[in-house]
Amino acid sequence: MLEVRDLTVQFGGVKALSGARLTAERESVTALIGPNGAGKTTFFNCLTGLYPVHGGSATWCGKQLVGLPAHGVARAGLSRTFQNLALFPSLTVLDNVIAGAHLLGRAGFAMGTLRTPRVRAEERETRRVAEELTEEIGLREVRDEPVSGLPYGTQKRVELARALASRPELLLLDEPAAGLSSPEVAELKQLILDVRERRGLTVLLVEHHMGLVMSLCRRVTVMNFGRTIAEGTPAEVQEDPAVVEAYLGAPT
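- With an unreviewed UniProt entry as reference, the chain is termed ABC transporter ATP-binding protein, source organism Actinomadura montaniterrae.

## Remarks on the overall build of the chain
- Helix and strand content of the chain: 10 helices and 10 strands.
- Compactness check: the chain gives a C-alpha radius of gyration of 19 Å against a globular reference of 18 Å for 252 residues, within 12% of the reference.
- A principal-axis box enclosing the C-alpha atoms of the chain has dimensions of 70 × 40 × 30 Å.
- Relative to its full complement of 252 residues, the chain shows a buried share of 46%.
- In the chain, the proportion of contacts linking residues at least 24 apart, taken out of those at least 6 apart, comes to 68%.

## Observations regarding the nonpolar core
- Within the largest apolar cluster, 46 residues are counted, with the highest numbers of intra-cluster contacts made by Ile137, Leu164, Cys217, Val220 and Val222.
- In this structure, Val4, Ala24, Phe44 and Ala76 belong to the second largest nonpolar core, which totals 25 residues.

## Section: the environment of Ala101
- As for its position among the elements, Ala101 is in helix α3 (residues 93-101).
- Judged by its relative accessible area of 0%, Ala101 falls in the buried class.
- Sequence-wise, Ala101 and Ala130 are 29 residues apart; in three dimensions their C-alpha atoms are separated by 6.9 Å.
- Residue contacts for Ala101: discarding those within four places in its chain leaves Thr126, Val129 and Ala165.

## Regarding the side chain of Thr126
- Following the sequence through the fold, Thr126 ends up in helix α5 (residues 117-136).
- Reaching out from Thr126, the side chain makes a polar contact with the backbone oxygen of Glu123 at a distance of 2.9 Å.

## Some details on the environment of Glu3
- With respect to the secondary-structure elements, Glu3 resides in strand β1 (residues 2-11).
- Glu3 sits in the partly exposed class, given a relative accessible area of 38%.
- As a C-alpha pair, Glu3 and Val97 span 94 residues in sequence and 29 Å in three-dimensional space.
- Beyond its immediate chain neighbours, meaning those up to four positions away, Glu3 contacts Leu22, Thr23, Ser57, Ala58 and Thr59.
- Of the polar contacts made by the side chain of Glu3, one reaches the side chain of Arg5; its length is 3.3 Å.

Reading the values: rules and limits
Residues numbered from 1 in each chain as written. Predicted model: local features only at pLDDT ≥ 70, side-chain atom pairs only at ≥ 80, totals over all residues. Heavy atoms only, no water. Helix = DSSP H or I, 4+ residues; strand = E, 2+ residues; numbered from the N terminus. Rg over C-alpha atoms; globule rule 2.2 N^0.38 Å. Buried < 20%, exposed > 50% of the residue type's maximum accessible area, 1.4 Å probe, protein only. Contact = heavy atoms within 4.5 Å. Core = buried A, V, L, I, M, F, W, Y, C linked by side-chain atoms within 4.5 Å. Polar contact = N/O pair within 3.5 Å; in protein donor to acceptor, adjacent residues only side chain to side chain.

Okay, structure coming up:
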């Protein structure tokens, strides 16, 4: 249901993406992998409206994503986490998650200024959604604590909860296992599977932890130098000569 074809992005004279492609089935977990600098995060930034796209198409459930602003992409059903945590460190866990839930609101500026009954009802709803998510993601005990004082692994969970607060259909995770210990990676894998099953999500993740990728994902897309070099099952891409060369170099 996610189909990306010939995605091209250029910064000045540099092509960051050159005809990149990817497909992901609905309610699947798909990985996007590749060496550092392959263009994976740029790919995510294009899908989510943060970077302009100069060529190609990206559709989710038939909806064209290319050309939409970031808030339009979010309303189309996409949400994401970031490679480097993008939380509000001085706010509590609950307030960070509430920030993600505000996309559910429909009241405009004037209603917000006047504090109309509709605005108050929407605020109650966003708080309820955020409280449920802190329970679901295992953050109930710390939800009233500032994010800045929490362990890194816990902050990763906060960002996941915030991404889920907008009730997405497609969840993009940018290196969710980075900086986590082995037990935390195992917990992350189970959490992704549980969330996907409960919410009927499609998950696309950029990840360098190959153990997590190979055990979690049904399909893997491999990028190098801004282009897609392989697609298939984990077993298929592991044996692909282009993938081996990208990671290990050409034989001499």
